[in-house]
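# Observations on the model geometry
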Amino acid sequence: MGVNLPRLVGARVVRREDPRLLTGQGSYVDDHRPARMLYAAFLRSPHAHAHIARIDTSAALALPGVAAVLLGEDIARAAKPVRAESKTPSVKTTSFPPLALGMVRHVGEAVAMVAAESRYLAEDAVERIVVDYEPLPVVRNTDEALDPASPVLHEEAGTNLLVAREFARGDVDTALAGAALVVRERFRFHRHTPVCMENRGCLADYATGTQTLTLRSSAQCPGLVRDILTDLLGMPEHQVRVVATDVGGGFGAKASLYPEEIATSVMARRLGRPVKWIGDRREDLLSTTHAWDETVEAELGVSRDGTIVGLRAQVTADIGAYSIYPWTAAIEPVQTISFLPGPYRMPTYRGRARGVATNKAPLGPYRGVGRPPAVFVIEGLMDRAARRLGIDPTEIRLRNFIRDEDFPYKSPSGIVWDKSSFTGSLVRAREALDYEATREAQARARTAGRWLGIGVASYVELTGIGSAIPVSPGMPVSTGTEAATIRFDPAGKVTAVFGVASHGQGLETTLAQIVADEVGVPIEDVRVLHGDTEVSPYGTGTYASRSLVLAGGAAILAGRAIREKMLLIAGHLLEADPADITVADGRYAVRGMPDRSVAVRQISRAAYSGVRQLPKGLEPGLEATKFYDPYYGTASNATHMAVVEVDRATCEVKTLRYVVVEDCGRMVNPLIVDGQVHGGVAQGIGAALLEEIVYDDHGQLLSGTLMDYVVPSACEIPPMEVHHLETPSPVTLGGFRGMGEGGTIGAPAAIANAIADALAPLGIEMAELPVSPERLFRLIGTRAEGKA
Amino acid sequence: MADIVTVRMTVNGVVHEGRCEPRKLLVDFIREDLGLTGTHVGCEHGICGACTIMFNGEAARSCIMLAVQADGAELVTVEGLMRDGKLHPLQEAFRDHHGLQCGFCTPGMLMTALDLLRTNPSPSEREIREGISAVLCRCTGYQGIVNAVRAAAPILASER
């Protein structure tokens, strides 16, 4: 079939969503204010662990303008409890009540909800609610949680050990016993929080006339939220609509179902009025899911030439107070053991993961999920082995990468890597940095007494996951497909509707590029709709670096179906064989006879014009819906290189250069790929140097403002040099590989390794992140005196 | 509740009068009472900068000001940047250089960058980074924003 080569896929197309976002015409949840709307506010627990003896709401209800106050029992009567089930028997299922039911398990847990005529009034009312708490001993960390003398957070589980899982290959104990060198470390990656610039919020509206619930939410996954709300509220699926038009960042934090979404829906249904809740930053830091908080004890065995013989690791994650829906408490620790072997040939492996409940906010998915700690660990161990053996850190990686002849390679955790450019990305990064020259500059700097270091981190990530594997280990909810509906109107313009939901990724642009190429129209003629379950075909949303792969694949399939029909119609109109029709510049022409052509709009007009315009027997209309399932998914990889300097006086770490070579397969829009890398790296640098959620011994959040939780500003982020390899995925339509998370996966390890390299003359290793100036000062301590 | 007060301010060249509680935040007044939802609320404690507007010609955070403090003031919000139905050169540069992703910090970032270019028409990269450090962006890693501000600087300077 004669279709010209793609024109838009691969081009740096400026974004279609920008004009509205640049002019203040976005459509975020808080921008909506339907008539009769009430404002909600939540009373949140000041205690980390307590029984609730009594709640008195009378003073709140007496306040003029207060419509209602809901408590846990009210919600329990109107909605089933949220339970994140797992297919893995060693992952315990526990309930997460939207409002506390007799017990609070972390500071910031929602206890009561007020709806009032203004947000100000609602907060006044919250202050008038009186709660008698009976404080319980606080389970402060995983060691305490595993102590049999400690309280058990969830009686139904009978233990605080909610997750236990193991992956193994071969006899790692024997391999390590016989290894020429074993390097060991106890790594600690502290608690992190995503900090979307838009706080979470939602707006529920229940129409009694049609018995339909519309929930606008700052959700990444409107489809997932719709499915679970349907179940929890006992409503038919076609009467629940979830809308997430513009969302101010997600990064995984908005991928889970949240208590407020349920409570707000219940409130709106009960009152028959729209109810809006917009979280403030304090609520965000207290109650949006946190990330990481893992301790990893790991040992890597290598032969004398640096060849890996085995890896043994135990991961313990502080999963906080609740297992979140739908990903479960297993998501972080089990992902970490899944990806610890990295892009390396790993003959023997044993990774054990534990997820332990404590009195902190729940852990949830965040950009990279489990892999930033995994890469920090394996890349840290590779550097330790290289230093001990006197091998260059890039060389030891090259000796161990899965090689071209090894693909497809099955990792010890069962993931199959398709043909990837692990070696290619490192070699290219070395060139981009001018590695040898940088090493020489480092040597000169050292002579001059400066602490300069070069850090390398290579990783591979599983992206675009299809139906054969759960996105979160053990999760029973299927997320392996997405669909596209492409519809021509009679005037030749295209509406393309997707179940994914863009919240900064620019999918309105990239998916339009794919659609435009497939059906042969300019991008201006394609409008992409997303993030609205009422208009889209079935889908779940945007998370896990899946949207371009799954929705892009569906767009290709639907586009092809439409194009085939257009060729039939064009052949009929031109009295030519459809096989002889070519498509270019918005016209379908007979091959070699450009004057015998029809415009796209003539074809679309014909499609809706009945019997005379259409080939005999052809169904009228020009519209197609196709589902795509990539089955296993694919892989993206990258090598990051960082050059840092540690200030001898202040222990401040300055990132002098940052190079990324990434391979996300065939690129749809390099402008957007670059942007994803930049943003991901910035979050990774924040995680490595600045950002830490801190609780005190009473379970009180000490980092409860943006003064205390330090998000990097433009001054802390270096200019980045991003390079691309394009190895088309052999297993996805279009050859795309997902790439939304990678920057955050590689950066913490690259920065940590660069600091360790800078301080190598002092014999200091990086085992704890984030490495604040204070931590670095304590590490360096007296060792610096009289040394390099 | 407290007495209701009348406030009058010029926003994007139009005089507005409204009645609100004395405790009402300026950003809430702008968003709710004036319906100008382009200005965003990100932290309500003056750190993230998403709510930044022009207040009597200077960038200011509207989340830590009260509406009554703006009585008689002249404000510009992101809705006031377009000229003759076209994007402002700075908005154009943000689009060309992928200076926004989710768009939530963007209104505050635009106002802050405008203030920077007003006081320093040809800033160095370091000066741009310092100038925009009053606004947090979680999506772009600031690279697209820095590039956009650098590209817009000579265009704005030539218009002065």
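Residues numbered from 1 in each chain as written. Chains lettered and ligands numbered in written order. Predicted model: local features only at pLDDT ≥ 70, side-chain atom pairs only at ≥ 80, totals over all residues.

### Some points on the overall build of chain A
Assigned secondary structure in chain A consists of 20 helices and 32 strands. In terms of C-alpha radius of gyration, chain A reaches 28 Å, essentially the compact-globule figure of 28 Å for 788 residues. Along the first, second and third principal axes, the C-alpha atoms of chain A reach 90 × 70 × 45 Å. (Helix = DSSP H or I, 4+ residues; strand = E, 2+ residues; numbered from the N terminus. Rg over C-alpha atoms; globule rule 2.2 N^0.38 Å.)

### Considerations on the overall build of chain B
Counting its secondary structure elements, chain B contains five helices and five strands. Across chain B, helices and strands are ordered from the amino to the carboxyl terminus as β-β-α-β-β-β-α-α-α-α. In terms of overall size, chain B behaves like a compact globule, its C-alpha atoms giving a radius of gyration of 16 Å where 160 residues would be expected to give roughly 15 Å. On the principal axes, the C-alpha backbone points of chain B span a range of 50 × 30 × 25 Å. Evaluated residue by residue, chain B yields a buried proportion of 56% over its 160 residues. In chain B, the share of contacts with a sequence separation of at least 24, taken over all contacts with a separation of at least 6, comes to 57%. (Buried ≥ 20, exposed ≤ 12 C-beta atoms within 10 Å, placed from the backbone. Contact = placed C-beta atoms within 7 Å.)

### A few points about the nonpolar core
Residues and elements named next belong to chain A. Membership of the largest hydrophobic core comes to 318 residues, with the highest contact counts inside it found for Val114, Ala496 and Ile755. Broken down by element, this core gets its largest block of residues, 16 residues, from helix 16 (residues 547-574). Look past the residues within four positions of Ala496 in its chain and what remains in contact with it is Ala484, Ile486, Leu511, Ala512, Val515, Val526, Val528 and Ala555. (Core = buried A, V, L, I, M, F, W, Y, C linked by C-beta atoms within 7 Å.)

### Re unusual backbone geometry
Residues and elements named next belong to chain A. Omega for the bond connecting Phe407 with Pro408 falls within 30 degrees of zero, at -10°, which places this linkage in the cis form. Inspection of the secondary structure puts Pro408 in the loop between helix 12 (393-400) and strand 19 (409-410). Here the residue pair Leu769 and Pro770 is connected by a cis peptide bond, since its omega of 0° sits within 30 degrees of zero. Mapped onto the elements of the fold, Pro770 is located in the loop between strand 32 (768-769) and helix 20 (773-780). A positive phi angle is found at Gln211, which is not glycine, with a value near 55°. In this fold, Gln211 is placed in the loop between strand 12 (201-207) and strand 13 (212-217).

### As for the confidence of the model for chain B
As a general rule, the predicted coordinates of low-pLDDT regions are not to be interpreted in detail. Of all residues in chain B, 99% have pLDDT values of 70 or greater, and the mean over the chain is 97. Two numbers describe this predicted complex: its pTM, 0.97, and its ipTM, 0.98. (pLDDT = per-residue confidence, 0-100.)

### Focus: the domain arrangement of chain A
All names here are of chain A. Each domain of chain A was delimited in the assignment, giving domain 1 (2-24 + 481-628), domain 2 (45-136 + 195-287) and domain 3 (291-468 + 631-784). For domain 2 and domain 3, the distance between their C-alpha centroids amounts to 35 Å. In this complex, domain 2 contributes 27 residues to the contact, which on the side of domain 3 involves 28 residues. Where the side of domain 2 that touches domain 3 is concerned, the elements lending two or more residues are helix 7 (222-233) and helix 9 (281-287). Residue contributions to the side of domain 2 that touches domain 3 peak at five residues, all from helix 9. The residue inventory of the side of domain 2 that touches domain 3, partitioned by class, reads 15 nonpolar, nine polar and three charged. (Domains from an automatic or database assignment. Nonpolar A, V, L, I, M, F, W, Y, C, P; charged D, E, K, R; others polar.)

### Brief notes about the interface of chain A and chain B
With 42 residues of chain A at the contact, the number on the chain B side is 44 residues. Elements with a contribution of two residues or more to the side of chain A that touches chain B: helix 1 (18-22) and helix 18 (670-689) of chain A.

### Some thoughts on the sheet that holds strand 32 of chain A
Residue and element names in this part refer to chain A. The six strands are arranged 10-18-17-16-11-32 in an open sheet whose pairing can be described as mixed. Since the sheet does not close on itself, it has two edges, and those belong to strand 10 (161-169) and strand 32, each with one partner. Two strands pair when backbone bridges link them, and strand 10 and strand 18 (residues 349-357) are joined in this way by eight bridges, in the antiparallel orientation. Within strand 18, the residue paired with Val163 across the bridge is Gly355. (Pairing = 2+ DSSP bridges.)

### Side note on the packing of helix 11 (residues 371-389) of chain A against helix 12 of chain A
Residues and elements named next belong to chain A. At a closest axis distance of 9 Å, the pairing of helix 11 and helix 12 adopts a crossing angle of 110°. Taken together, the axis directions place helix 11 and helix 12 in an arrangement best described as roughly perpendicular. Two packed elements cross with a definite hand, and for helix 11 against helix 12 that hand is right-handed. Between helix 11, through Met382, Asp383, Ala385 and Ala386, and helix 12, the contact on the second element is made entirely by Pro393, Ile396 and Arg397. Considered class by class, the residues forming the contact of helix 11 with helix 12 number five nonpolar, no polar and two charged. (Axes fitted to C-alpha atoms, helices over the stretch in contact; angles between N-to-C directions. Parallel < 35°, antiparallel > 145°, perpendicular 65-115°, else oblique. Left-handed = near helix turned anticlockwise from the far one by under 90°.)

### A few points about the sheet that holds strand 3 (residues 50-56) of chain A
Residue and element names in this part refer to chain A. Spatial ordering of the open sheet is given by 7-3-9, a layout of three strands whose pairing is antiparallel. Pairing within the sheet leaves two strands with one partner each, and these edge strands are strand 7 (103-104) and strand 9 (130-135). In the sheet, strand 3 pairs with strand 7 via two bridges, with the strands oriented antiparallel. Among the inter-strand pairings, Ala50 is bridged to a residue of strand 7, identified as Val104.

### Some points on helix 4 (residues 125-132) of chain B
Every buried residue belonging to helix 4 of chain B is among Ile128, Arg129, Gly131 and Ile132 of chain B, and all of these are buried. Seen from one end, helix 4 of chain B has its buried residues packed into an arc of 165°, which puts them on one side. (Arc of directions from axis to C-beta.)

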